[in-house]
Amino acid sequence: MKKISRYKNYILGIIGILFVLTIFVHVQYLMHPQYKELPEVKIKENGDKNNSFAIMIQENDGEDKYKEYEGNTWPGDNYKFKEAKCMDNNGSETKENVLFEDGKIVLATDKTVYCTLYFELSIIGKLRENDPNKVLSNEEIGGMYRYQGVGTDTAVDDTHKLVDNNYICFGTKDKAECLNDKEKYMYRIIGINKNGQMKLIKMTNVKDGDTSQFVWNNIYFKTDCGDDKCEWPTSLLYKRINGISNGSVSASGTLADGGNSDIFIDNPSYDYLKSGDNVNGGSTSSDWYNLISQYNWMYGYIIPYVNGNIDDTTVYGMLNNGNIVYQIETGQLPTLANGNSDVIKYQWTNYVPAKIGLMYLHDYFLAYDNNKYWYGYSSTSSVPTEDYNWLFTGNNNTIAQEEWMISTYGPNNDFGNSAWFVATHGNPTINDKALISTSTVRPVFYLTNNIKITGFGSENNPFLIKF
């Protein structure tokens, strides 16, 4: 085993313990603000233990080469714990059960051991390794590290860079197959949370046969929408993208798009997403379906106000930056909704556990930067041109498509219930329309964190998923 060098003038922790069955060494951020180094941690050790503990980090993804970690805190989110190798007093390798989780080392042993912890690049580290424009945020923004920037070269400026390195194939491990059918297999990464779960959005809209425009719901009048009949979990679109509609492909006569079939999960066009409920009458779901996490999708109303005061409480509308809108859409800040005769205080509290959702308002806002909101197009508006935002489908001279979002305007006094959508050129970048109107749909979902990725993230050399 490679001899580990002395750890400068401090050690993060000591794992040489005599005759102790279970030892918890909790070495988190032990630094006092005025210190530049960690203080030495001593736990009933005998003798010199300066060489009893070391950390090695992977140099490059895919290579079994490690270097000594010289930081004074645990390796950050770019790395994940791989294994520990321990030696006894005689220099012989000994098998020990060493766990690392939440800044804790857990070691069960009845002898003195000297251990080295190995950390490999995490998915976050892999994404950062392939981020030449530095468009993946360094800090959490809206609950995750997000890709932020523009979608076309002409929009690049001093503060906004081109996002062209977050392409990923889903549904196939074969790059050629993915590139030959991008409409089926190509997705883009909105961001990744600290747990290593990537949030994906389909690069192009879904299709059900020749149909690509779908209603959000089949009713929208306030008189018809009582008892939460126009909320996200009861909407037709929620059921159709999650594979829980009745599956009929015949025209019902009441739906603007002429049917209520499953349009994503359990749709033959996306045969890699079989839920198990409709797999030849069996109960086996596909491997790709199982890679999608069950997520608690919050839902609610938000209307185009900046802020106000109701019952001595400040309430916020969607005419704010993405960070504030994120807090509204996750129930952290109160907002407003239309009541019977006036606006009322309202707060998001409801959620539905499901595999598939849609883009939120805050996803679209924060895809550009932390400051802009995307409503209106007047000279005093905070809105740049639509094709600046990399999430806009009309970038690079492609045909722009209106696109449904999960967030709703709610009861609109003039038009019944409406939902938000990304508009096309010549209109406000975000607008609302009646639930029975049609728009395209790009499903959004979270992956499990037990996968690895290869590739570089460009459209021609996208990330591939290994599992």
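What you are looking at is a predicted structure, and each value in this text was computed from that prediction instead of being measured.

This part is about the nonpolar core. One finds Leu 127, Phe 170, Met 198, Trp 232, Phe 264, Tyr 364 and Ile 430 to be the most contacted residues of the largest nonpolar core, which totals 103 residues. Of all the elements, strand β11 (residues 186-192) adds the most residues to this core, at five residues. Once you skip the residues sitting within four places of it in the chain, Phe 170 turns out to touch Lys 184, Tyr 185, Tyr 187, Leu 200, Tyr 272, Leu 273, Trp 288, Leu 291, Ile 292, Phe 445, Leu 447 and Ile 465.

Attention now moves to the packing of aromatic side chains. Going through the model one piece at a time under the given rule, you end up with 30 aromatic pairs. Between Trp 288 and Phe 467 the ring centres are 4.9 Å apart and the planes differ by 80°, which places this aromatic pair in the edge-to-face class. Here the residue Trp 288 occupies a position in helix α5 (residues 287-290), and Phe 467 occupies one in the segment after β26 (464-466), the gap between them amounting to 179 residues. The class of Trp 288 is buried, set by a relative accessible area of 9%. The class for Phe 467 is partly exposed, based on a relative accessible area of 40%. Taken together, a centroid distance of 6.3 Å and an interplanar angle of 20° make the contact between Trp 297 and Tyr 360 stacked. With Trp 297 in strand β14 (residues 295-298) and Tyr 360 in the loop between β19 (351-354) and α7 (361-366), this pair connects stretches of sequence that are 63 residues apart. Taken as a pair, Trp 297 and Tyr 360 share a single burial class, namely buried. One aromatic cluster is present, built from ring pairs that chain together Phe 170, Tyr 185, Tyr 187, Phe 264, Tyr 270, Tyr 272, Trp 288, Phe 445 and Phe 467. The positively charged end of Arg 188 is found above the aromatic ring belonging to Tyr 167, 4.0 Å away from the centroid.

Our focus in this paragraph is the sheet that holds strand β21 (residues 416-422). Sheet architecture is open: three strands sit in the order β20-β21-β22, paired in antiparallel fashion. Two strands close off the open sheet at either side, each with one partner strand: β20 (403-412) and β22 (430-434). Recorded for the sheet is a direction-independent mean angle of 35° between the axes of neighbouring strands. Here six bridges tie β20 to β21, and the two strands are oriented antiparallel to one another. By the bridge assignment, Glu 403 is partnered in β21 with Val 422.

This paragraph deals with the layout of surface pockets. If you roll a probe as big as a water molecule over the atoms, it shows you where there is empty space left. Taken as a whole, the largest pocket holds about 810 Å³ of empty space. In terms of lining, the largest pocket is formed by 22 residues, of which the most central are Asp 77, Tyr 79, Lys 80, Phe 100 and Lys 194. Among the secondary structure elements, those contributing two or more residues to the lining of the largest pocket are β4 (79-87), β6 (97-101) and α1 (123-129). Sorting elements by how many residues they give to the lining of the largest pocket places β4 first, with three residues.

With that settled, the discussion passes to a positive patch on the surface. Taken together, the side chains of Lys 80, Lys 82, Lys 85, Lys 452 and Lys 466 present a region of like positive charge at the surface. Top element by residues in the positive patch is β4. It accounts for three residues. In this structure, Lys 452 sits in strand β25 (residues 452-454).

Now for the sheet that holds strand β2 (residues 53-58). Pairing within the open sheet is mixed, and its five strands lie in the order β3-β2-β8-β4-β5. At either margin of the open sheet sits one strand with a lone partner, and together these are β3 (66-68) and β5 (93-94). Inspection of the sheet shows β2 paired to strand β8 (residues 114-121) by five bridges, in the parallel sense. The residue of β8 that forms the bridge with Phe 53 is Cys 115.

Residues Val 98 and Phe 100 line the buried face of β6, whereas the alternating positions Asn 97, Leu 99 and Glu 101 sit on a face that is not buried. Inspection of the sheet shows β6 paired to strand β7 (residues 104-108) by five bridges, in the antiparallel sense. Bridging from a neighbouring strand, Asn 97 pairs with Ala 108 of β7. Joining the antiparallel neighbours β6 and β7 is a turn of two residues, in which Asp 102 adopts a positive phi near 55°.

Moving on, we get to the environment of Cys 115. Its location among the elements puts Cys 115 in strand β8. Residue classification places Cys 115 among the buried residues on the basis of a relative accessible area of 2%. The spatial distance from the C-alpha of Cys 115 to the C-alpha of Asp 88 is 8.9 Å, given a sequence separation of 27 residues.

So, how was this worked out
Residues numbered from 1 in each chain as written. Predicted model: local features only at pLDDT ≥ 70, side-chain atom pairs only at ≥ 80, totals over all residues. Heavy atoms only, no water. Core = buried A, V, L, I, M, F, W, Y, C linked by side-chain atoms within 4.5 Å. Buried < 20%, exposed > 50% of the residue type's maximum accessible area, 1.4 Å probe, protein only. Helix = DSSP H or I, 4+ residues; strand = E, 2+ residues; numbered from the N terminus. Contact = heavy atoms within 4.5 Å. Phe/Tyr/Trp six-rings, centres within 6.5 Å; stacked < 30°, edge-to-face > 60°. Lys NZ or Arg CZ within 6 Å of the ring centre and 35° of its normal. Pairing = 2+ DSSP bridges. Axes fitted to C-alpha atoms, helices over the stretch in contact; angles between N-to-C directions. 1 Å grid on protein atoms, 1.4 Å probe; cavity = no way out; pocket = protein on both sides within 12 Å on 5 of 7 lines; lining within 4 Å. Points joined across faces, edges and corners; volume = space filled by probe spheres on them. Patch = residues over 30% accessible without salt bridge, like charges linked within 9 Å, V, L, I, M, F, W, Y side chains within 5 Å. Areas by Shrake-Rupley, 256 points an atom, 1.4 Å probe, with all protein chains shown as cover. Salt bridge = Lys/Arg side-chain N within 4 Å of Asp/Glu carboxyl O. Lys, Arg positive; Asp, Glu negative; His and termini not counted. Charge placed at Lys NZ, Arg CZ, Asp CG, Glu CD.

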